[in-house]
Amino acid sequence: MTEPLIGVLGASGAVGRAAVRELRALGHTGLRLGGRTASALSAVAEEDPTGHDETVWADAGAPDGLRAFTEGCGIVLNCAGPTYRLRASVASAALAAGADCVDVAGDDPAAEDLLDAGDPARDGRTVVLSAGALPGLSGLLPRWLAGQGLDRVAALTAHCGGLETCSPTVAHDLMLSLTLGGADGAAYGEALAAVRDGRRVPRALRTTEDTEHHAFPGRVALQPYLSGESERLATVLGLDRLDWYNVHPGPAVRALLNVLPGRLAAGDDPAELADRLFLAADLDLAGRTPYYVMDFELSGTASGRPATAGLTLRAASSYRLTAAVGALAVDAVLRARVPAGVHFARDVLDPDTVVRHLRGRGVADLRLTGAAADADQVEEGVL
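What follows deals with unusual backbone geometry. Backbone torsion omega between glycine 81 and proline 82 reads 5°, so that peptide bond is classified as cis. Tracing the backbone shows proline 82 in the loop between strand E4 (75-78) and helix H4 (83-86). With an omega of 5°, the peptide bond between leucine 134 and proline 135 qualifies as cis. Although it is not a glycine, serine 130 adopts a positive phi angle of roughly 55°. Structurally, serine 130 can be placed in the loop between strand E6 (126-129) and helix H7 (137-146). In the Ramachandran plot, arginine 203 falls in the positive-phi region, its phi being about 50° despite a non-glycine side chain. The residue arginine 203 is located in the loop between strand E10 (199-201) and strand E11 (208-213) in this model.

In this section: the pairing of strand E16 (residues 341-344). Of the two faces of E16, the one carrying Gly341 and His343 and the one carrying Val342 and Phe344 are both buried. Note that E6 and E16 share four bridges and pair parallel. Paired with leucine 129 across the two strands is phenylalanine 344, which belongs to E16.

Bringing helix H14 (residues 351-360) into the picture now. Helical geometry note: an α-helix holds 3.6 residues per turn, so side chains three or four residues apart project in the same direction. Within H14, burial applies to Pro351, Val354, Val355, His357 and Leu358. For H14, the buried positions fall inside an angular range of 160° around the axis, keeping them on one side. Across H14 from its buried face, at more than 90 degrees, point the exposed residues Arg356 and Gly360. Elements in contact with the buried residues of H14: helix H1 (14-25), H7, strand E15 (305-315), helix H12 (318-334) and strand E17 (365-370). In the segment just after H14, glycine 362 is the residue with positive phi, at about 70°.

How each quantity is defined
What you see as residue numbers is a count from 1 along each chain, following the sequence as written. Reporting of local features is limited, given that this is a predicted model, to residues whose pLDDT is at least 70; pairs of side-chain atoms are given and counted only at 80 or more, and all residues count toward the totals for whole chains, interfaces and linings. Side-chain measures here rest on the full set of heavy atoms in the structure, leaving out hydrogens and waters. Strands here are runs of E lasting at least two residues and helices are runs of H or I lasting at least four, both read from the DSSP assignment and numbered beginning at the N terminus. Burial here depends on accessible area, computed with a 1.4 Å probe over protein chains only, as a share of the maximum for the residue type. Under 20% is buried, over 50% is exposed, and the range in between is partly exposed. We call two strands paired when DSSP finds no fewer than two bridges between them. The directions considered for the arc run from the helix axis to the C-beta atoms. We call two residues contacting when some pair of their heavy atoms lies within 4.5 Å.

So far we have only geometry, and geometry alone does not tell us how the molecule works.
Now the structure itself:
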């Protein structure tokens, strides 16, 4: 039986190119690669050992280009952005062409647009959103960790961030997230907020500008930030307490982020601010090795006694993490492991499958502590 054609939009970008490699590693070939630069797409296609990939010019912001790209696809993986400007346009084009869709971002705005237009489940179609590193993996890993040696979880502390180049999509989405990205037209999240007694509490935490953290090299800034994803995670895990920190190792990026809301409010050009963010990221990275870290610590009980379980993920790039989750979501949809309808990756991907892929492919290094390390050793002994 011939596999449905997989279209990868934004295939020559930082995430798209890595996603193509992840799809090939999962056994998917003969891909349709879409983007705006023919030479860059050709370079990606030349990496295909079978020589069966095809390239198609496509602009995520142009309806005609999207229509031509999605026609004939069985599923579309969207790696293009900016996310909060595109919203559900790529997924809608895929559905109109009779295809399923996985978006490495999309988040609540895309889900709302899709459901307002009519649930794709009525036509047997599937859309998976937020199939990236954060959001996406940031919700999957704590769910996985909660099943490693703990009987009950009560609290989660998370630290996520790194030192890497800043893509145009990331820069523009970061600025848009200050006013968009969350449910019902809200911002993506709330700075300084945390979960206490199972509910959101504004200004519960403070920013720390210059400190150390065991999972990160050198000095870092810690910015408390409660997103919709992490708040929903607290509900799913039944957490009494959740503290989530975005970690900023680079002083140039952190300094710009401090003034960004005020500059946007004053009417500064977003494109100019995005350029400044690119330069700040490059300045912070100069002479240093890029990395991305996710560090989670759960506390609860094991065998009726207080216990903790920790997980530290280290990767060379958040872009490759996003690519891996996106490719795994495509694979899951093609294998009919995701039901029809609109879903978030954190809710429908199997955490065990994701962790095995990250470890087996060398995408990331995962270190476990506490009850999680004990459980992992038992599992390895059984295997």
